[in-house]
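Residue-level structural notes
Each chain, letter by letter, is given below.
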Amino acid sequence: MNSENLSPLGQRLLDRRNFLHTAGLSTSALALASMLQADGLLAEDANTVSGEAPIRPDVDPSRPYQSRAGHFEMPAKQVLVIYCPGAVSHVDTFDYKPALTKLHGQKPPGLPAVTFEGPSGNIAKPFWEFKPRGETGKMVSDLLPNLAEHVDDFCFFHALSTDTSAHPQGENFMNTGFTMEGFPSFGAWVTYALGTENEELPAFVAINDPRGLARSGKNNFGNGFLPAAFQGTDFSAAAPPNNLRRPNALTSKADRLSVDLLKRLNARHLERFPGDADLAGRIASYELAGRMQTTVPDVMDISGETASTLKAYGVEGGSELKGSYARNCILARRLLEKGVRVVQLFNGSDPAGGNGITNWDSHSNIADTHAMQAEIMDQPTAALFADLKQRGMLEHTLVVWATEFGRMPFLQGNGTGRDHNPGAFTCFLAGAGVKKGFSYGESDEFGFKAAIDKTTVYDFNATLLHLMGLDHERLTFYHNGLERRLTNVHGHVVEDVLA
Amino acid sequence: MTHRILSASLLIIACSSGQLSAQQVDFERDISPILEERCWGCHGADDQESGLRLDQRPRLLRGGDSGLATVVPGEPEKSYLIEVVNHVDEEMAMPPDEDKLPASQIDLLTRWIKQGANWPGQMDAVLDESSDHWAFQPVVRPEVPSEPTAQAAGLSPVDAFLLKRLASDGLTYSPAADPRSLIRRAAIVLTGIAPTPEETSAFVAASRLDSAAAYSELVDRLLASPHFGERWAQHWLDVIRWAETNGSEANLYRKNAWIYRDYVVRAFNEDLPYDQFVREQIAGDSLGAGEATGFLVAGPHVPAATVGREPTAIRQARADRLDEIMQTVGASMMGVTIGCARCHNHKFDPITITDYYAMTGVFQDVEFGGRSPEFSADHPRKQRGSELWKTIATQRKLLREFGGWEEDWGAFRELHFKPITTKAIRVRFKMKNIGLDELEVFGPVERGKNLAHARHGTKVSGFPELGLDGRNPIDRVNDGEFGTMTWRASAGKNSEEQPYVQFNFSQPESIERLRLSNNREYFYDTDYLDKEPNLPRYEFDMDVLDENGEWKPWVGTWFVNKKLNEQHPERKAALAQVQKAIDTLAEEGPRPSFVGRFVPPVPTYVLHRGSPEDPRDEVAAAGPAVFDGQLGLAKDAPGANRRAEFANWLSSAENPLTARVMVNRIWHHVFGSGIVPTTSDFGKAGAAATHPELLDWLAAEFVQPTHNSSTSKPWSTKSMIRLLVMSQAFRQGSSPNDAGIGKDAGSALLWRFPPKRVEAEVIRDSILQASGNLDRTIGGRSYRIHNEKKTYAQWEVVKNYGPNTWRRMLYQERMRRVDDQMFTAFDFPDCGQVRAKRPVSTTPLQALNLMNSDFVQAQSQLIADRAKAETNGETKETIVRCFELLLTRSPAPDELADCIELAKATDVSLVCRTLMNTNEFAFLP
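It should be emphasised that the depicted structure is a prediction, and the values quoted were computed from it without experimental measurement.

The next thing to look at is the overall build of chain B. Scanning chain B for helices and strands turns up 31 helices and 15 strands. With the C-alpha coordinates aligned to their principal axes, the bounding extent of chain B is approximately 100 × 95 × 50 Å. For chain B, long-range pairs separated by at least 24 residues make up 71% of all intrachain contacts whose partners lie at least 6 apart in sequence. With an accessible surface of roughly 35,200 Å², chain B has 51% of that area assigned to carbon and sulfur atoms. For chain B, the centre of its 106 positive side-chain charges and the centre of its 127 negative side-chain charges are spaced 5 Å apart.

Structure (structure tokens):
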């Protein structure tokens, strides 16, 4: 954040060195540092499960969002996660399996009789035609023609596999590293580790789908047992964060007078506890809140975007949902431009969140449902990517496109949809620190199971942290007897995808 | 299981080849070279990968972290060594990344084990597995230090321990806190609400006369306040992450789960002895405190409907649910991270994977769901229930005279008919669309035994066998599972064949009742769905199989509901009365409540590497062996017995952890940090105690009080809390001083009372009290701020500030991972993981919520209105009153001037809004 914008009091309070170096004003800052150490009691002597000492972010509790260095230098400073709830069919999008066309309509050899939703049907060829794209000639289906134009910049993971075939657990696993509830999200871990470049905006923003929250709801961007400071703040192009705006009944003058009085009362109170970092931090948080009341509406306001930008993102001319999602994509870019550390953009909600199709889940009529969902996702997402690239932001931004599992190479009993496939699915990365036009791993000839270079969700998350300059085995937080990690006790960085 | 079978077949090969060359294997000649060349590099003297050491026989027998015995002398088929060298599981193939051992060597190893794993010189060697970790040793009451300062001042033993420790760093207590701060601190710590201005000024005045007596009286009053139980229940609920929704996809509301919350409030208010509190929460069903078992199902769970249909996923989900119970018990009562031993032996503590699964055996009869809680005979609901049951029995007796009748139990319909003995029945439906989660058959003898259950050998068949879309098979009607997993049938318009269900019993059974339901789970377990769970009116006829193998019509819904009514109009009153009693029972008797349901326990196995697909040795229910947890139970002991025995073991005075963990937890909530800062981990990975002797003295005192022994009862939570808040340590000031900061910046040694932020609940409750609108009703249904929702939808906050919410925040619906748009930002837990202590965050979002939310706007106005009404309405007096109401003090002259200025420019409500945002309001003084 720009500390010049702070009042002299706030500035003094925020400068921790100032605390420590001003005689007699060092009390509570030290106290807090010592309490943190008590909580992180294992940092020195005990080890993580991996056997290496944890590297605990040096979080100043009075300034939790202060930008912090990672474990090692990497190009990515920010991360955009585009999350597609419901499970995108890899065999209908990015994972080309000619065997499915050859064996179309036949009983799948050696494949299971019962899957997540019940008995399985016959093999089905991709519902959209695959064509070679870009200079790499990567085969991508016609379902996503706009994203397909950028394959030369993407780095695909084709041999991902997960531990669950249920959506909420799958979402939890991808986004928090555990199938169970209550663990910190990837975004929370990154924010905990790195703080943010711009403290005047939330460090971690979750932009939910216009239709609502995904199945795991807030768990996808929650802080779990990390301090609440690191949870994702959810807002979208259509709705600001809760309670951002001053109440209608209040004039801006009245609001300002009230804030000024608060400052005076708190300053007076602080005299009794000289240098108390907790008190000072809370005073500073009110100043930041005041600033956010301007910065957030500013970043949400896309009226200054050019007509060509709006057109490129597909704000007009498509379905209403596509328009809303496109605005969210523009918001994502604007947040990243302002230095927000983590932006998590959702393309899909829970099944009751809208009319008809609400996410990528396609147990019946996949031809229609995937098409409806793709119409919303494809153009705006592709435009967002192109925009980031054109503005040079990919130099320091990691882009992650993810879903919780894949879909089956064969149909369900009903003959029109594909069931969940935890054995193989595709996600892709792009941007800072990632190889371009590269595909890692392969699923088997049907896209049923990961076959070559199987990549677990732990590996995937370990790689994401690595790309952010963080060692997944050493980024820990003590909770209930364990130095907890995003990757539990598993995971290997996939070195092959690193640029 | 496949691994097991595979390994067995491999072993047969290995063993049979062994028999061909049955000569005696010699350790030094044949075995030692293999171990040395292929094993000891990673599992020897220098390195013990996976905690395994193979260069000593006792360690070889014990095995490594996996918990499996590497070698079982005489039994190669049970020896993990043989499994891994045969590469039964490719992911656990030894030696790793090297060539497999040649068959001849595997054969040697196999035969060596078969012949007794003879290892010259080491046959009598044993391992010492006992632990020397302090927290696992029995509590021995230490001497109270003869600390001169404490003695001179007549202070308590708590102070003697603390002062002695302080003195060793040249420190001592800070001067006593001023009365105004002290009452605010005591009231918030003990009851969670700031004191009122009147209470404050009375205490300040009384302190002037006799500060010791005034304080003692204050503490007694606060401990006796019904708000005490609410405050301490909140702490307990945090630890066990209790919430009123399931979590997971549908995040369904748990019907009447709040009766457990009320139980906890009552337990603290009535000072239920802690050992009894422990016993009731684990085995309350057999102690007349059925609602207490809500503890066991406090954690989140994934309901069957969202697990999927794959058997592996269903088994995994059950293992996960048991693990939630293990975490709850481990973190709250045992202070041991038992969950760490789920896949392998605990890395830090002497808890084995066998211990973990033996302990799951204790809870093998617990399932997440609802039941009607067992109450003691004098419980009003129990008494009312018994009355109503008598009415039901009387009316049924009358009705029996006339033949059959049907009852609507909300969850299910029950058809009563004349008893008949038969080998099979057939229920022919007359409707087109049918959904049945269960069809139960009962007889007059063992009245509660469902004769149709597959467990009793009953075979089910019918039409359509696979159900609608081939996805809803008929065996769901007698699998004992209620809920969305139903048999669904739909007869086409022109279908000749009507849906039917046929049961063939394993022997002739006398039967007299049928129970049918569509989704009993939703009825028992959940609430606040926008659509009530539907109980259809089933229309059917039932045939029985006679001795000649002929189907004979016996009873039907048309017959009992229509025909018999026409024939016997005189039974109408009895019918009405039985139904009325049933309906009243659901309201006034013990209600179905989400406090766990009980299922017949299945055998418990050690799950190799935590996988339900790889069960190994069967184990009996027990606590961890290192704590002498053997309960002497048979492997098939009834579930209730297992829990009762375990509860007795856990709550015994000899258990080294139970008392220590609870007194430390109390200390944490009184002083802000535990003597052991890791309040739920007393293992080796936990933090060291700052005052180990004091902790043990307190633990001993908790179990057997000596101090104030006339008033203190064993295991009394209130006595323990009183002991702590009566200490001088609690009563000292919180101002910093250089000496203290220099030696102990964290104030862990308590040279001052450490100031800290108050929780979300304290802020909200104190605001409501200040506005005079706090509804002080204790207990009952939670107030709602959310919508009624569809099954698969997220909860939405509808209104979080209206008069219906003006209760203590403890009574706000605790929803897993739902943002209440106000206090989630204040570290209010998401109830996904155990939360032994809340983190303290400072974020701009808290500021925005506390400045701009509807709740704050509304309450600011109400406080201003109250202040005006209680004064002459002059601005100055009104503002003084606002200070009193929110900060329990008068404003200083400059503050007053500032506030008058603001009030004149705007409104007094703005002053209130400002005051409730001050640090003074948000911090414990």
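With that out of the way, let us pick up the interface of chain A and chain B. Reports often express the size of an interface as the amount of accessible area lost when the parts come together. On the chain B side, the residues contacting the 84 residues of chain A number 84 residues. On the surface where chain A and chain B come into contact, there are six salt bridges. A salt bridge links E895 of chain B to R268 of chain A; the shortest N-O distance between them is 3.1 Å. Within the residue set of the side of chain A that touches chain B, elements represented by two or more residues are α3 (27-39), β2 (114-115), β3 (118-123), α7 (167-176), α9 (252-270), α10 (277-300) and β18 (477-479) of chain A. For the side of chain A that touches chain B, the element with the highest residue contribution is α9 of chain A, accounting for twelve residues. Here the residues of the side of chain A that touches chain B are counted per class, giving 44 nonpolar, 26 polar and 14 charged.

Now for unusual backbone geometry. Trans peptide bonds make up the majority, and among non-glycine residues the majority have a negative phi. Residues and elements named next belong to chain B. Cis geometry is adopted by the peptide bond preceding P95, which originates at M94 and carries an omega value of -10°. Residue F463 is joined to P464 through a cis peptide bond whose omega torsion reads -10°. By the secondary structure assignment, P464 is in the loop between β6 (459-463) and β7 (487-490). Residue T888 is not a glycine yet carries a positive backbone phi of 50°. Position of T888 relative to the elements: it lies in the loop between α28 (875-887) and α29 (893-905). For T888, a relative accessible area of 3% gives the class buried.

Let us now look at the packing of aromatic side chains. Applying the stated criterion to the full structure yields 54 aromatic pairs over all chains. Between the aromatic rings of Y192 of chain A and F477 of chain A, the centroid separation amounts to 5.7 Å while the plane-to-plane angle is 80°, which identifies the pairing as edge-to-face. Separated by 285 residues along the polypeptide, Y192 of chain A in helix α8 (residues 186-194) and F477 of chain A in strand β18 bring together distant segments of the chain. Pairing W236 of chain B with F277 of chain B gives two aromatic rings, centres 5.2 Å apart and planes at 55°, and the pair type is tilted. Here W236 of chain B is found in helix α10 (residues 226-239), whereas its partner F277 of chain B is found in helix α12 (residues 274-283), with 41 residues between them in sequence. Residue W236 of chain B is classed as buried on the basis of its relative accessible area of 2%.

Let's shift gears to a negative patch on the surface. Residues E442, D453, E495 and D496 of chain A make up a contiguous surface patch of negative charge. Summarising the element assignment, D496 of chain A is placed in the segment after β19 (482-484).

Glancing now at the nonpolar core. Counting residues in hydrophobic clusters, the biggest one holds 234 residues, and the most contacted among them are W236, F363, F646 and L698 of chain B. In this structure, L698 of chain B is in contact with V158, V663, W667, I675, M720, L723 and L724 of chain B, ignoring residues within four places of it in sequence. Listed in part, the 58 residues of the second largest apolar core include Y65, F204, F405 and F477 of chain A.

Before going further, it helps to examine the pattern of salt bridges. Here the structure, examined in full by the defined rule, presents 84 salt bridges over all chains. With a closest N to O distance of 2.8 Å, R264 of chain A and D898 of chain B form a salt bridge. On the criterion of chain membership, the pair formed by R264 of chain A in helix α9 and D898 of chain B in helix α29 is interchain, its members lying in two chains. Of the charged contacts, one joins R268 of chain A and D894 of chain B as a salt bridge, the two residues approaching to 3.2 Å between their closest N and O atoms. Here the residue R268 of chain A occupies a position in helix α9, and D894 of chain B occupies one in helix α29, the pair thus bridging two chains.

This part takes up the packing of helix α11 (residues 258-269) of chain B against α12 of chain B. Residue and element names in this part refer to chain B. Between α11 and α12, the shortest axis-to-axis distance is 11 Å and the interhelical angle comes to 165°. Between α11 and α12, the angle is such that the two are roughly antiparallel. As α11 runs across α12, the sense of the crossing is right-handed. On the side of α11, the interface is formed by Y260, Y263, V264, A267 and F268, while α12 contributes F277, E280 and Q281.

Further remarks concern the pairing of strand β2 (residues 405-408) of chain B. On any regular strand, side chains alternate: one points to one face of the sheet, the next to the other face. All names here are of chain B. By the bridge criterion, four bridges tie β2 to strand β3 (residues 413-429) in an arrangement that is antiparallel. Following the sheet pairing, W405 is matched in β3 by H416. In this antiparallel pair of consecutive strands, β2 and β3, the connection spans four residues, and G410 shows a positive phi of 80°.

This brings us to the side chain of S443 of chain A. Residues and elements named next belong to chain A. Tracing the backbone shows S443 in strand β15 (residues 442-443). Judged by relative accessible area, which is 4%, S443 ranks as buried. Of the polar contacts made by the side chain of S443, one reaches the side chain of D95; its length is 2.7 Å. A polar atom in the side chain of S443 sits 3.2 Å from the side chain of K97. Beyond its immediate sequence surroundings of up to four residues, S443 is in contact with D95, K97, H158, A424, K449, A450 and A451.

All names here are of chain A. The four strands lie next to each other as β2-β3-β11-β12, forming an open sheet whose pairing is antiparallel. Whereas interior strands pair on both sides, the edge strands pair on one side only; in this sheet they are β2 and β12 (418-421). Relative to β12, strand β11 (residues 406-412) runs antiparallel, the two being bridged by three bridges. When the bridges of β12 are listed, R407 appears paired with H420.

Turning our attention to the side chain of T658 of chain B. Residues and elements named next belong to chain B. Relative to the helices and strands, T658 is located in helix α20 (residues 658-671). At a separation of 3.3 Å, a polar atom in the side chain of T658 contacts the side chain of N655. Non-local contacts of T658, meaning those with residues more than four positions away in its chain, are made with Y274, V278, M333, L650 and W715.

Per-residue pLDDT for chain A has a mean of 88; in total, 89% of the residues score no lower than 70. Segment residues 1-49 of chain A is flagged for pLDDT under 50; beyond a separation of four residues in sequence, or across chains, it makes 90 contacts in the model.

Turning our attention to the confidence of the model for chain B. All names here are of chain B. Overall, the prediction assigns chain B a mean pLDDT of 92, with 97% of residues at 70 or greater. Confidence drops under a pLDDT of 50 for residues 1-20, and excluding neighbours within four residues, the segment shows 27 contacts in the predicted structure. Among the scores for the predicted complex, ipTM is 0.86 and pTM is 0.88.

Attention now moves to the pairing of β3 of chain B. Residue and element names in this part refer to chain B. Here β3 pairs with strand β8 (residues 500-517) via twelve bridges, running antiparallel. Of the residues in β8, the one forming a bridge with I425 is F503. In this sheet, strand β9 (residues 540-545) lies alongside β3 in antiparallel orientation, the contact comprising five bridges. Residue R426 lies in a different strand from β9, and its bridge partner there is D543.

Basis of the calculations
- Residues numbered from 1 in each chain as written.
- Chains lettered and ligands numbered in written order.
- Predicted model: local features only at pLDDT ≥ 70, side-chain atom pairs only at ≥ 80, totals over all residues.
- Heavy atoms only, no water.
- Helix = DSSP H or I, 4+ residues; strand = E, 2+ residues; numbered from the N terminus.
- Contact = heavy atoms within 4.5 Å.
- Areas by Shrake-Rupley, 256 points an atom, 1.4 Å probe, with all protein chains shown as cover.
- Lys, Arg positive; Asp, Glu negative; His and termini not counted.
- Charge placed at Lys NZ, Arg CZ, Asp CG, Glu CD.
- Salt bridge = Lys/Arg side-chain N within 4 Å of Asp/Glu carboxyl O.
- Nonpolar A, V, L, I, M, F, W, Y, C, P; charged D, E, K, R; others polar.
- Buried < 20%, exposed > 50% of the residue type's maximum accessible area, 1.4 Å probe, protein only.
- Phe/Tyr/Trp six-rings, centres within 6.5 Å; stacked < 30°, edge-to-face > 60°.
- Patch = residues over 30% accessible without salt bridge, like charges linked within 9 Å, V, L, I, M, F, W, Y side chains within 5 Å.
- Core = buried A, V, L, I, M, F, W, Y, C linked by side-chain atoms within 4.5 Å.
- Axes fitted to C-alpha atoms, helices over the stretch in contact; angles between N-to-C directions.
- Parallel < 35°, antiparallel > 145°, perpendicular 65-115°, else oblique.
- Left-handed = near helix turned anticlockwise from the far one by under 90°.
- Pairing = 2+ DSSP bridges.
- Polar contact = N/O pair within 3.5 Å; in protein donor to acceptor, adjacent residues only side chain to side chain.
- pLDDT = per-residue confidence, 0-100.

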